[in-house]
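Descriptive structure summary
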Amino acid sequence: MDFALNEHQRAIEEVARRFASEKLAPYAAQWDEESFFPVATLREAAALGFASIYIKSDVGGSELSRLDAAIIFEELSAGCTSTAAFLSIHNMASWMIDRFGNEELRHRFLPALTQMAKIASYCLTEPDSGSDAGSLKTRAVKEGDHYVLNGSKAFISGAGVSDVYVVMVRTGEDGPKGISCLVVEKGTPGLSFGKPERKLGWNSQPTATVMFDDVRVPAANRLGSEGEGFRIAMSGLDGGRINIGACSVGTARAALEEAKTYAAERQQFGRAIAEFQANAFKLADMATKLEASRLMIRSAAAALDRRDPRTTMLCAMAKRFATDSCFEIANDALQLHGGYGYLKDFPAERHVRDLRVHQILEGTNEIMRVIVSREMFRQ
């Protein structure tokens, strides 16, 4: 078992790191302050293959592995957490079309999505169904060769800006078996969006409600068969959990590096605060949590690549551990900065704000524990 990156992976890592340091990090604070969605920068990332990391090459995808994706998202998130996380969502929605769409759908949507000429969003959560995703109410009624959609989706990243929405809808009975998956295009009559949400973090990407009022969608836009939507949604989330965990690792790494530099320079009681054992031990614990988080994320990514039967459990474990641990690292980094950490002149507070939501989305960390405990007793 070799934990070292190979030459190809080191090259990918270097490209992503350079892009993050040149194109993301210098602007992250401004984008956060102004709630600016950097579409042009996202398209620059797409030109490097970062919008289609594990999409097949026949439609313009990079056709890389999930482990490669984890490496990329760690690097990008060290530059701007919010922007990297949006790329993760776009990759997940695009992959669902690539994996479950027929050839006509794949070739109709993916060439534009791989270049981010069009942007994709993932629509599962509703105002009354979050963790209990199988109880969603947005309904699609079949009328001839179309479905007519009514309902709404909540907390949707990219809502109002994205061009393509991968939407979970109810086409049959109550519960998970009655859910199907449709691709809905912006501009379809009856499709509308709520006002932008005012958020603690993730301010460089828009978030809003997506509303469906007698929206007619061609039946040809369905991914998979009727009743397969919940399975499609959950399979997308295995990879999404790895990606968001990798984003947590990248942000925590940046926070730790900044705290280490600050602690070495800040003088109190006649010496650098890094020389006090309490602070040195805190930094040591932060570094240990970071390393453990990275290992768990990359292990889960490798399991997904090899289609390990324990993949869902390993992804849930890694997401829970990494997002909890990396939030703690960022919070400790802020504490080491003292009062300065609370100021927006330093990135420490932004790291804390951006990382907090990672413990909620792609399945709350409480639900990750449900998944792990359930899978333990199935073995």
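Bear in mind that the values here come from a model prediction, so they are computed numbers and not experimental data.

Overall, the coordinates contain eight aromatic pairs when judged by the stated rule. Their ring planes at 25° and their centres at 5.8 Å tell us that Y27 and W31 sit as a pair that is stacked. Classification of W31 by relative accessible area gives buried; the value is 6%. Taking 5.7 Å as the distance between ring centres and 50° as the angle between the ring planes, the aromatic pair formed by Y340 and F346 counts as tilted. Taken together, Y262, Y340 and F346 form an aromatic cluster joined through their ring pairs. Geometry around F276 places R271 over its ring, the cationic atom sitting 4.1 Å from the centre. Sitting over the ring of F327, R356 keeps its end group 5.8 Å from the ring centre.

Our focus in this paragraph is the side chain of D354. Mapped onto the elements, D354 comes out in helix 10 (residues 348-356). Of the side chains bearing the opposite charge, R350 lies closest to the buried D354, which forms no salt bridge; the N-O distance is 4.8 Å. When near neighbours in sequence (up to four residues on either side) are disregarded, D354 contacts T81, S82, G201, W202 and N203.

Along its 26 residues, helix 9 (residues 311-336) runs 37 Å from first to last C-alpha, staying within 8% of the 38 Å computed at 1.5 Å per residue. Where helix 9 ends, the next residue or the one after it, G338, has phi of about 60°, a positive value.

With that out of the way, let us pick up unusual backbone geometry. Its identity as a non-glycine residue notwithstanding, D214 has a phi of 55°, on the positive side. Turning to its location among the elements, D214 is positioned in strand 7 (residues 207-218). Judged by its relative accessible area of 46%, D214 is partly exposed. Of note in this structure, F269 is not a glycine but carries a positive phi near 55°. Along the chain, F269 turns up in the loop between strand 9 (267-268) and strand 10 (271-272).

Take the nonpolar core next. Counting 95 residues, the largest nonpolar core has L76, M96, I97, Y122, M168 and L223 as its most contacted members. With 14 residues, helix 7 (residues 229-265) is the largest single contributor of residues to this core. With residues near it in sequence (within four places) discarded, M96 still touches G101, Y122, V166, M168, L223, I232 and A233. If you look at the next biggest cluster of nonpolar residues, it comprises 18 residues, including A140, V169, F212 and V215.

It is worth spelling out the packing of helix 4 (residues 66-79) against helix 5 (residues 81-100) at this point. The N-to-C vectors of helix 4 and helix 5 enclose an angle of 150°; their axes lie 7 Å apart at closest approach. Put simply, helix 4 runs roughly antiparallel to helix 5. Facing helix 4, whose interface residues are R66, F73, L76, S77 and G79, helix 5 presents T81, A84, L87, S88, N91 and W95. Within the contact of helix 4 with helix 5, the residues separate by chemical class into five nonpolar, five polar and one charged.

Our next topic: the environment of R356. Along the polypeptide, R356 turns up in helix 10. When the C-alpha positions of R356 and W202 are compared, they lie 9.5 Å apart, and in sequence the two are 154 residues distant. In this view, R356 contacts L200 and F327; residues no more than four positions away in its chain are not counted. There is a polar contact of 3.1 Å between the side chain of R356 and the side chain of Q359.

Moving on to the state of the cysteines. Inspection of the entire model under this criterion finds zero disulfides. C181 forms no disulfide, and the closest cysteine sulfur to it belongs to C123, at a distance of 9.5 Å. The thiol sulfur of C326 is not disulfide-bonded, and the nearest other cysteine sulfur, from C247, lies at 11 Å.

Here the focus is the pattern of salt bridges. All told, the structure shown has 29 salt bridges when counted by the stated rule. Of the charged contacts, one joins E13 and R17 as a salt bridge, the two residues approaching to 3.7 Å between their closest N and O atoms. Separated by four residues within a single helix, E13 and R17 lie in helix 1 (residues 7-24), roughly one turn from each other. Given the relative accessible area of 17%, E13 is considered buried. Residues D58 and R106 are paired through a salt bridge, measuring 2.7 Å at the closest nitrogen-oxygen approach. Separated by 48 residues along the polypeptide, D58 in the loop between helix 3 (39-47) and helix 4 and R106 in helix 6 (residues 103-114) bring together distant segments of the chain. Here the salt bridges share partners, and the residues they tie into one network are E13, R17, E74, E75, R253, E257, E291, R294 and R298.

This part is about the packing of helix 4 against helix 7. Between helix 4 and helix 7, the shortest axis-to-axis distance is 7 Å and the interhelical angle comes to 35°. Our pair here, helix 4 against helix 7, has a crossing hand that is right-handed. Every residue of helix 7 that contacts helix 4 at R66, A69, A70, F73, E74, E75, S77 and A78 is listed here: G239, I242, N243, A246, C247, V249, G250, T251, R253 and A254. In terms of residue class, the contact of helix 4 with helix 7 is made up of nine nonpolar, five polar and four charged.

All right, on to the pairing of strand 3 (residues 146-157) then. Both strand 2 (residues 139-143) and strand 3 contribute to a ladder of five bridges, which runs antiparallel. Residue pairing across strands places E143 opposite H146, the latter belonging to strand 3. Count of turn residues in the strand 2/strand 3 antiparallel hairpin: two residues, of which G144 carries a positive phi of about 65°. Here 10 bridges tie strand 3 to strand 7, and the two strands are oriented antiparallel to one another. Bridging across to strand 7, Y147 finds its partner in V217.

The rules behind the values
Residues numbered from 1 in each chain as written. Predicted model: local features only at pLDDT ≥ 70, side-chain atom pairs only at ≥ 80, totals over all residues. Heavy atoms only, no water. Phe/Tyr/Trp six-rings, centres within 6.5 Å; stacked < 30°, edge-to-face > 60°. Buried < 20%, exposed > 50% of the residue type's maximum accessible area, 1.4 Å probe, protein only. Lys NZ or Arg CZ within 6 Å of the ring centre and 35° of its normal. Helix = DSSP H or I, 4+ residues; strand = E, 2+ residues; numbered from the N terminus. Lys, Arg positive; Asp, Glu negative; His and termini not counted. Salt bridge = Lys/Arg side-chain N within 4 Å of Asp/Glu carboxyl O. Contact = heavy atoms within 4.5 Å. Expected span 1.5 Å × (residues − 1). Core = buried A, V, L, I, M, F, W, Y, C linked by side-chain atoms within 4.5 Å. Axes fitted to C-alpha atoms, helices over the stretch in contact; angles between N-to-C directions. Parallel < 35°, antiparallel > 145°, perpendicular 65-115°, else oblique. Nonpolar A, V, L, I, M, F, W, Y, C, P; charged D, E, K, R; others polar. Polar contact = N/O pair within 3.5 Å; in protein donor to acceptor, adjacent residues only side chain to side chain. Disulfide = S-S within 2.5 Å. Left-handed = near helix turned anticlockwise from the far one by under 90°. Pairing = 2+ DSSP bridges.

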